[in-house]
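Chain by chain, the residues:
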Amino acid sequence: MKQIQMTQNPSFSLISTNKIIQMSDVWTSYDSKNFALEGINLSIDRGTNYAIVGQSGSGKSTLLKLMNGMMIPSKGAIKIDYVTPNMNNKKFKKMMHTIGYIPQSLGLIKNISVIENILIGALPRLNKVQSFFKKFPEHEINEAKRIMALVGLSGKEERKAYMLSGGEKRRVAIARALMQKPTILLADEIVSELDSVTAREIMNLIADAQKRMNLTAIMVHHDMQLALEYANRVAVIKEGQKILEIGVEGDTIVDFQTGNMTTEEIMGMYDDSKK
Amino acid sequence: MTPKNNIVIGIIIALVVVASYNVDANPLEFAEGLPNLAIVVEEMLSVEPKYIPTALWAMFETIQMAFIGTVVGTAIALPLSMLAARNLNSKYVYAPVRALLAAIRTFPSILWAILFVIMVGLGTFAGVLAIVMYTVGFVAKLQYEAIETIDSDPMDAVSSIGVSKWQLIRYVVIPESASHLLSQILYMFDYNVRQTSILGLVGAGGIGFYIINYIKFFEYGKAAIFMLVVLVTVLFIDWVSVKIRDKYIVKSQHGMEVTTK
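Residues numbered from 1 in each chain as written. Chains lettered and ligands numbered in written order. Predicted model: local features only at pLDDT ≥ 70, side-chain atom pairs only at ≥ 80, totals over all residues.

Now for the overall build of chain A. When helices and strands are counted, chain A shows 9 helices and 11 strands. Taken across its 275 residues, chain A has 42% of its residues classed as buried. Taking the intrachain contacts of chain A between residues at least 6 apart in sequence as the baseline, contacts between residues at least 24 apart amount to 69%. (Helix = DSSP H or I, 4+ residues; strand = E, 2+ residues; numbered from the N terminus. Buried ≥ 20, exposed ≤ 12 C-beta atoms within 10 Å, placed from the backbone. Contact = placed C-beta atoms within 7 Å.)

Structure (structure tokens):
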């Protein structure tokens with residue numbers, strides 16, 4: 001049984017310079033009546049392995065899209081490294097170069113090779129002529145090969161993306177994101193369709209890269225077990241609201257919102273969110 | 001069969017009869033004309049093999065015209081299709097480009113051929129220009145439709161990196177729509193060979209020029225040689241394009257496993 005400690009509520013200390021993502025009272029809506037997110041407050045420290053857990057339709061994917069500027073909130077404020085995410089904002093557009101985003105469907109280009117898919121992560125560093133002729137500089141190709149070795153794809157450079165297995169496709173998507181030299185890595189249910197062995201391989205890979213590159217990894221899951229196993233922090237989202245945020249350090253779970261609870265109760269609250 | 005269906009079928013048959021009367025389409029005349037067909041066929045059967053080299057050369061010329069027309073037409077169509085795709089442009093860009101493409105498609109290639117014969121004179125060049133125009137209109141339409149059906153996930157994933165629009169087109173749109181493009185180019189070439197074969201009717205070169213002239217002078221035997229060459233060529237091109245399609249397109253579109261070295 002994991003120990004639960006009472007703490008102050010430190011998640012809203014917005015003055016700290018170490019906060020890479022800050023959201024205060026964020027609402028998003030698809031139309032004027034239906035809200036996907038209802039008053040979300042989040043604050044994520046640099047270098048955290050952060051997990052967002054919730055059922056489908058809870059608004060967790062929307063949360064990721066707010067963090068890379070693909071969506072704009074209808075109300076509330078978001079700061080990513082103290083910049084408001086918006087694709088029309090030049091400063092943020094430059095930041096997007098180093099925000100890795102892996103959508104649930106991965107977004108690979110199926111008719112091109114593995115290495116070409118990965119090199120896409122380096123596109124912002126290319127000039128117009130190089131990118132028009134698909135002429136990647138030698139050091140970028142070497143970097144792509146180094147990352148391929150890191151994620152276990154060596155020797156599959158020329159394979160077309162559509163030929164790969166589910167696990168391999170995820171490795172390509174991770175490699176493409178790492179190619180961006182990211183400071184933030186966003187991943188949407190990246191292991192949800194994999195068997196548990198492959199899922200752990202992929203999670204270990206990300207955890208490894210996260211530590212090595214001091215990334216802020218924000219991963220959406222619907223499996224609480226997996227989230228607790230890998231993340232330092234877990235936020236549970238239910239019907240567009242954050243109902244729980246816990247910190248995980250070794251065997252200790254620290255609850256930031258409701259105070260003293262057992263692991264069973266936490267899992268139970270999560271089960272409630274399924275209904 | 002419901003009574004409603006019977007009424008619909010009855011109305012259609014009545015309309016066919018009325019329209020036939022209006023356009024003088026009399027089945028009796030067709031029956032009376034059958035012996036004439038026998039005469040034509042008989043004359044056609046007396047083929048003159050010495051025209052085979054000429055026919056083959058004319059066919060080769062026709063294929064070259066279709067080839068230039070397809071390649072140049074596709075090259076012009078591609079940038080236009082990028083501009084006409086709704087998922088890449090604002091309304092102010094795609095609407096006028098689509099209107100232009102629709103206008104180009106309004107005319108069949110034979111009308112374009114007449115126009116270009118007036119512009120550049122009789123001969124193969126007018127035919128090539130006609131094929132180019134026709135190809136532009138159709139390939140651009142087929143291609144912008146292909147671009148619009150591209151999966152939005154790779155587009156979102158890559159644009160979230162903050163790449164430029166040109167990079168998005170170069171690295172996502174073109175590869176994702178490439179298999180459609182190859183299929184369309186093959187179809188278009190196939191179609192253009194058949195089109196070019198009749199452009200000679202209006203003096204725009206190609207094998208059709210021989211066919212129409214021999215028919216005009218009742219030399220059905222000579223015309224038959226040329227028509228036979230067209231038939232064989234079209235069947236052959238059709239067969240080759242089916243092979244190419246099977247090899248390169250079907251697999252990549254369905255994501256089938258293929259063996260690699």
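Okay, back to it.
This part covers the interface of chain B and chain A. Taken together, the contact pairs 22 residues of chain B with 25 residues of chain A. It is helix 8 (residues 165-199) of chain B that provides the largest number of residues to the side of chain B that touches chain A, a total of 8 residues. Within the side of chain B that touches chain A, the residues separate by chemical class into 10 nonpolar, 7 polar and 5 charged. (Nonpolar A, V, L, I, M, F, W, Y, C, P; charged D, E, K, R; others polar.)

Attention now moves to the packing of helix 5 (residues 109-120) of chain B against helix 8 of chain B. Residues and elements named next belong to chain B. Direction vectors running N to C along helix 5 and helix 8 enclose 50°, while the axes themselves pass 10 Å from each other. Relative to helix 8, the element helix 5 is oriented oblique. Taken as a pair, helix 5 and helix 8 cross one another with a handedness that is right-handed. Counting all contacts with helix 5, which are made through S109, I110 and A113, the residues of helix 8 involved are Q195, I198 and L199. (Axes fitted to C-alpha atoms, helices over the stretch in contact; angles between N-to-C directions. Parallel < 35°, antiparallel > 145°, perpendicular 65-115°, else oblique. Left-handed = near helix turned anticlockwise from the far one by under 90°.)

Below, the discussion takes up the pairing of strand 10 (residues 241-249) of chain A. Residue and element names in this part refer to chain A. Relative to strand 10, strand 9 (residues 233-238) runs antiparallel, the two sharing 6 bridges. What sits directly across from K238, in strand 10, is Q241. Count of turn residues in the strand 9/strand 10 antiparallel hairpin: 2 residues, of which E239 carries a positive phi of about 45°. (Pairing = 2+ DSSP bridges.)

As a further point, take the pairing of strand 9 of chain A. Consecutive residues of a regular strand have side chains that alternate between opposite faces of the sheet. Most of strand 9 of chain A sits inside the fold, with 6 of its 6 residues counted as buried. Burial along strand 9 of chain A is two-sided: R233(A), A235(A) and I237(A) facing one way and V234(A), V236(A) and K238(A) facing the other are all buried.

The backbone of E239(A) sits at a positive phi, close to 45°, despite the residue not being glycine. Mapped onto the secondary structure, E239(A) falls in the loop between strand 9 and strand 10. Judged by the 15 C-beta atoms lying within 10 Å of it, E239(A) is partly exposed. Backbone geometry at D24(B) places phi at a positive 60°, although glycine is not the residue there. With respect to the element layout, D24(B) can be found in the loop between helix 1 (3-22) and helix 2 (27-45). By C-beta crowding, D24(B) is classed as exposed, having 7 other C-beta atoms within 10 Å.

Formed by 120 residues in total, the largest nonpolar core has its most connected members in I118(A), A175(A), L186(A), I218(A) and A130(B). For this core, the leading source of residues is helix 6 (residues 124-148) of chain B, giving 15 residues. The residues contacting I118(A), other than those within four sequence positions of it, are A144(A), I147(A), M148(A), V172(A), A175(A), R176(A) and M179(A). Listed in part, the 15 residues of the second largest apolar core include Y51(B), A58(B), I207(B) and A224(B). (Core = buried A, V, L, I, M, F, W, Y, C linked by C-beta atoms within 7 Å.)

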